[in-house]
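Chain and residue survey
Okay, here's what each chain looks like letter by letter:
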Amino acid sequence: MMTMQEILEATPGGMPDGVWDGKLACLWVTGRGLEGSYDLDGVSVFAFVLVMRGRMSVRYQGNAFDLHPGDIHTYAPGVPTHILEVSEDYQGYCVIFDELLVLNTPALHHFICAAYSPIAELGKPKLSLTEAQAGQIAGTLDMLRRHILTPSDLQREAVITLATLFSIELLEAQSLAVKRHRSTTRGEEVFTAFLRLVPDNYIRHRDLKFYADRLNITTTYLSRIVRKISGRTVVEFLNEALAAEVALRLKTTNRTVTQLADDFNFSDQAAFTKFFTRMKGMSPKEYRKSSAL
């Protein structure tokens, strides 16, 4: 998968303004700045495009649709989306979050649901906001961008706080849109219910059957629904959530590798180390040492 750094470096004119720590970007885009540069397919980021003026044409799963002022487009890893055309008078915000930043920052976990929910609930990665909602979210993004552009001692706290506020405002708008949407399918309901189960259970339960049983469906049906909507398997969802939590504890606690293996219900330290190395590309001890540098 392409990284956020690779996407931004491909931007015409080089790295744009509005990038924080190489992991989060809040860009103000005018004209055709998104056309061709942000072809979102196989990219390890969460991204959100809020149209303020003009029009954007997007293709998702073979179907094209237009985005107009007040519409917000969402992208999550595993959701192939292609920006087809952007009008010359286009203006809007483009917010990009590195996937690992979201997974490793508990305050930003809302973005996982915020990115996938429009597909699960509304059938495509698009949400049409009311004028008031669009104005409120645009105001939050404007503050986020200003804090990114103005370094300070508390910049990280300000950026994470405003990013979290953006995710909450987006989820609230999605919730209201879902209430108005009257054609939710059974599959979409299952996927949304699965997303709600994961945060409270992935540490203790990493078997597909547990989630299927909780949802009163077969493991085959759950696997098919999750793969169809998100492009990822149930196991991939659980493993990524688990690896992010392990990484966080390696950085923020003094628990030994053996203790963490027990905390996360691994059979032994070797199995725990093998899992983490496969997910993060380095052993738990190496990760802890690199995080301390």
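Look up a bit, the structure's there.
If you're wondering where the values come from, they're calculated on a predicted model, not measured in any experiment.

1. Considering the sheet that holds strand 5 (residues 63-67)
Reading across from one edge, 5-4-7 is the order of the 3 strands in this open sheet, with antiparallel pairing throughout. Every interior strand has two partners, whereas the edge strands, strand 5 and strand 7 (81-86), have only one. Across this sheet, the average inter-strand angle for adjacent strands is 25°, counted without regard to direction. In terms of strand pairing, strand 4 (residues 56-60) meets strand 5 through 5 bridges, oriented antiparallel. Its bridge partner lying in strand 5, Arg-59 is registered against Ala-64.

2. A word on the packing of aromatic side chains
For the coordinates displayed, the defined rule picks out 15 aromatic pairs. Between Phe-48 and Phe-97, the ring centres sit 6.3 Å apart and the planes meet at 80°, which makes this aromatic pair edge-to-face. Placement of the pair is Phe-48 in strand 3 (residues 45-53) and Phe-97 in strand 8 (residues 91-98), with a sequence separation of 49 residues. Classification of Phe-48 by relative accessible area gives buried; the value is 1%. We classify Phe-97 as buried; its relative accessible area is 0%. Here the aromatic residues Tyr-116, Phe-191, Phe-194, Phe-210, Tyr-211 and Phe-237 are joined through ring pairs into a cluster of three or more.

Conventions we followed
Sequence positions are assigned chain by chain, starting from 1 and proceeding in written order. A pLDDT threshold of at least 70 governs which residues receive local features in this predicted model, and a stricter bar of 80 or more applies before side-chain atom pairs are shown or counted, although totals over entire chains, interfaces and linings include all residues. With hydrogens and water excluded, all non-hydrogen atoms of the structure serve as input to the side-chain values. For two strands to pair, DSSP has to find at least two bridges joining them. Secondary structure elements follow DSSP: runs of H or I of four or more residues count as helices, runs of E of two or more count as strands, with numbering from the N terminus. Each axis is a line fitted through C-alpha atoms, and for a helix only the stretch in contact is used; angles between axes span 0 to 180 degrees, taken between their N-to-C directions. We call Phe, Tyr and Trp rings a pair once their centres come within 6.5 Å, taking the six-membered ring for Trp, and we label the pair stacked below 30 degrees between planes, edge-to-face above 60, and tilted otherwise. Here the term buried applies to any residue with accessible area under 20% of the maximum for its type, exposed to any over 50%, and partly exposed to those in between, with areas from a 1.4 Å probe on protein chains only.

Geometric descriptors of this kind do not, in isolation, establish any biological role.
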